[in-house]
Amino acid sequence: MTFQVWGWRREDASQVLAWVPDAKGGRGAAMPRRTPATKDPTAVERANLLNMAKLSIKGLIESALSFGRTLDSDYPPLQQFFVVMEHCLKHGLKVRKSFLSYNKTIWGPLELVEKLYPEAEEIGASVRDLPGLKTPLGRARAWLRLALMQKKMADYLRCLIIQRDLLSEFYEYHALMMEEEGAVIVGLLVGLNVIDANLCVKGEDLDSQVGVIDFSMYLKNEEDIGNKERNVQIAAILDQKNYVEELNRQLNSTVSSLHSRVDSLEKSNTKLIEELAIAKNNIIKLQEENHQLRSENKLILMKTQQNLEVTKVDVETELQTYKHSRQGLDEMYNEARRQLRDESQLRQDVENELAVQVSMKHEIELAMKLLEKDIHEKQDTLIGLRQQLEEVKSINIEMYQKLQSSEDGLKEKNEIIARLEEKTSKITVAMRQLEQRLQQAEKAQMEAEDEDKKYLQECQSKSDSLQKQISQKEKQLVQLETDLKIEKEWRQTLQEDLQKEKDALSHLRNETQQIISLKKEFLNIQDENQQLKKVHHEQEQALQELGSKLSESKLKIEDIKEANKALQGLVWLKDKEATHCKLCEKEFSLSKRKHHCRNCGEIFCNACSDNELPLPSSPKPVRVCDSCHALLIQRCSSNLP
């Protein structure tokens, strides 16, 4: 496509109209272009729709720039633009069958944009939330209007056109959106980012609108063309400017995306280099392992060749023995039949013993449960006894501390008693002295009274002479009486002190009795403590005995469990199933006969099963393989004390 400032020219055979520039460089008349007769009708439709899209987009941009403000939904060029876009999106749309009718709508591919372009999720959600829309066509018309208001219609449709494989579900292969014309229309839509639109989608009846293109808007006179040359030139220049700005913005976005891709590729490249180094190391290791495996393979081949030679020698010897033992085959057959009968009888015995073992197992399990209960109870009693012992120990410590404190108190009180006794002895000595003095004073008084009487009788005549003596004596009496009173008061105080000392003595005696009783209680507690220690020692011995018995019973139970497992896992292998000995892996033949191990039930040769041991299933010694023989002997030796 060649874009000129003063006119449009398109070198396309499918175009119906072409603008041819005149001699002065201006835009001339629209000349019809001849089309070949054998033109595809779908190509003609695509070309016509492309031309109509060009005209509608160009007319909308020119009118919007001359209008000079935001466009409303009632603006005719804008309405015609939406009609043209609807026809472009409907071209080549596949018909989808449903239960009731055939469905042909553009909402399906537009709804797909949400998955390809995350920013379109907001438009889709707002379109679904609109209350007045009931049909998919109405939702598609609302989506186109919202995309134009967001100025991202070109980005959304570009994401849709790139994904041709997803569009093929909705469009035919010859549809406009699947061809180059769709990409051209998306490129033209970039110029609409210059326009500011303010459309009210809620109030419009988008479901019932008739989408008919009005061609009268695009048919213009020559006079109008001549009068609007300057406007066209300015519009073209503005278109170019906006187009270049939009391209610049897109290029910047693509450059940033490419930078991010380069960074991611560098990171992935470093990761790949690391992985390559790891892969090389792994290859080297694998090569070394391959060399080792080859060497091992050679050794195995050598060993197999040697084994083949040995087997050849064995086969030859077995053939010779077969020739020699052909005569005794009948006897061996009879012996085998007898052995079969014996083995069947043994099998019946084993089954009976197995049933007995199962019943024994149930009984042992019950006994184990009872033993576990007893152990738990005894453990609880042990814990209780230990707690009681700790309490008794704490009580003993407290009693011992009390005893020590009481003994200290006793010593102090004994010292106080000794002091008091000394004081009482001193007081008693003083009392005796006072009593002696009193007795002497009383005697002296009695004597004085007798003497007075005698003197009165004798000395009535001498009264005058003796009055002086009497007065003196009276004075002495007064003094003696005062002394007596003082002594009596002192005696009372001494008696009170004695009473107090007696009370203190009685209190001390009571305390000594309490201490004696505490000693007796302490001795009783010590006896109880010794008895408890004896009981504890006896119980510990009993517990030790119980533990030893328990360990023995556990060992027995483990032995029984092992025997039971062995019995449960015992599978009597059939003669037909075994062709080789399980231990030495030699093939059975007429010379190398089959023998069953009575413990594990597997089949062995005579050399690998020539041992005999008594089993739980049979008290008599029976045939046992080498591995079972070693295992049983080890178990017996571990069970021995």
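What you see is a predicted model, and the numbers here were worked out from it, not measured in a lab.

Procedures and definitions
Residues numbered from 1 in each chain as written. Predicted model: local features only at pLDDT ≥ 70, side-chain atom pairs only at ≥ 80, totals over all residues. Heavy atoms only, no water. pLDDT = per-residue confidence, 0-100. Helix = DSSP H or I, 4+ residues; strand = E, 2+ residues; numbered from the N terminus. Phe/Tyr/Trp six-rings, centres within 6.5 Å; stacked < 30°, edge-to-face > 60°. Lys NZ or Arg CZ within 6 Å of the ring centre and 35° of its normal. Core = buried A, V, L, I, M, F, W, Y, C linked by side-chain atoms within 4.5 Å. Buried < 20%, exposed > 50% of the residue type's maximum accessible area, 1.4 Å probe, protein only. Contact = heavy atoms within 4.5 Å. Pairing = 2+ DSSP bridges. UniProt positions renumbered as here; feature names shortened; annotations may be inferred.

Asker: How should the confidence of the model for the protein chain be read in this particular structure?
Answerer: Should pLDDT be low for a region, the predicted coordinates there are not to be read in detail. The predicted model of the protein chain averages 77 in pLDDT, with 83% of residues at 70 or higher. Per-residue pLDDT, averaged within each element of the protein chain, yields its smallest value for strand E1 (residues 2–3) (34) and its largest for strand E8 (residues 603–604) (90).

Asker: I tried to follow the packing of aromatic side chains on my own but got confused; where do I start?
Answerer: Centre-to-centre distance and the angle between the planes together describe a pair of aromatic rings. Within the structure shown, the criterion is met by 3 aromatic pairs. Site record: aromatic cluster; members linked through ring pairs are Tyr117, Trp143 and Tyr156. The lysine or arginine in question, Arg145, covers the ring of Phe82, its NZ or CZ lying 4.3 Å from the ring centre.

Asker: Even after reading the chapter, I still don't get the nonpolar core, so can you show me in this structure?
Answerer: Generally speaking, a soluble globular protein has its nonpolar side chains buried in company with each other. Ranked by internal contacts, the top residues of the largest apolar core, which has 62 residues, are Phe81, Trp143, Met153, Leu157, Tyr171, Leu189 and Leu192. If you list the elements that add at least two residues to this core, you get helix H1 (41–67), helix H2 (76–90), helix H3 (107–116), helix H4 (121–129), helix H5 (136–150), helix H6 (153–162) and helix H8 (180–189). Residue contacts for Leu157: discarding those within four places in its chain leaves Met85, Leu89, Leu110, Met177, Val186 and Leu189. By size, the runner-up hydrophobic cluster in this structure holds 16 residues, among which are Leu573, Cys605, Leu613 and Val624.

Asker: Just checking my understanding: could you explain the pairing of strand E9 (residues 611–614) for this structure?
Answerer: For a regular strand, the rule is simple: side chains alternate between the two faces of the sheet. Where burial is concerned, the two faces of E9 differ: the one with Asn611 and Leu613 is buried and the one with Glu612 and Pro614 is not. Turn length for the E9-strand E10 (residues 621–624) hairpin, with the two strands adjacent in sequence and antiparallel, is 6 residues.

Asker: So what exactly am I meant to see when it comes to the environment of Thr381 here?
Answerer: One can find Thr381 in helix H11 (residues 329–458). Looking at Thr381, the relative accessible area reads 46%, which means it is partly exposed. For the pair formed by Thr381 and Gln539, sequence separation is 158 residues and the distance between their alpha carbons is 9.8 Å.

Asker: Can you help me understand the UniProt feature "coiled-coil region" (unreviewed entry) in the protein chain in this one?
Answerer: What UniProt calls "coiled-coil region" (unreviewed entry) maps, in this numbering, to residues 262–296 and 333–563. Its end C-alpha atoms 49 Å apart, residues 262–296 is made of 100% helix and 0% strand.

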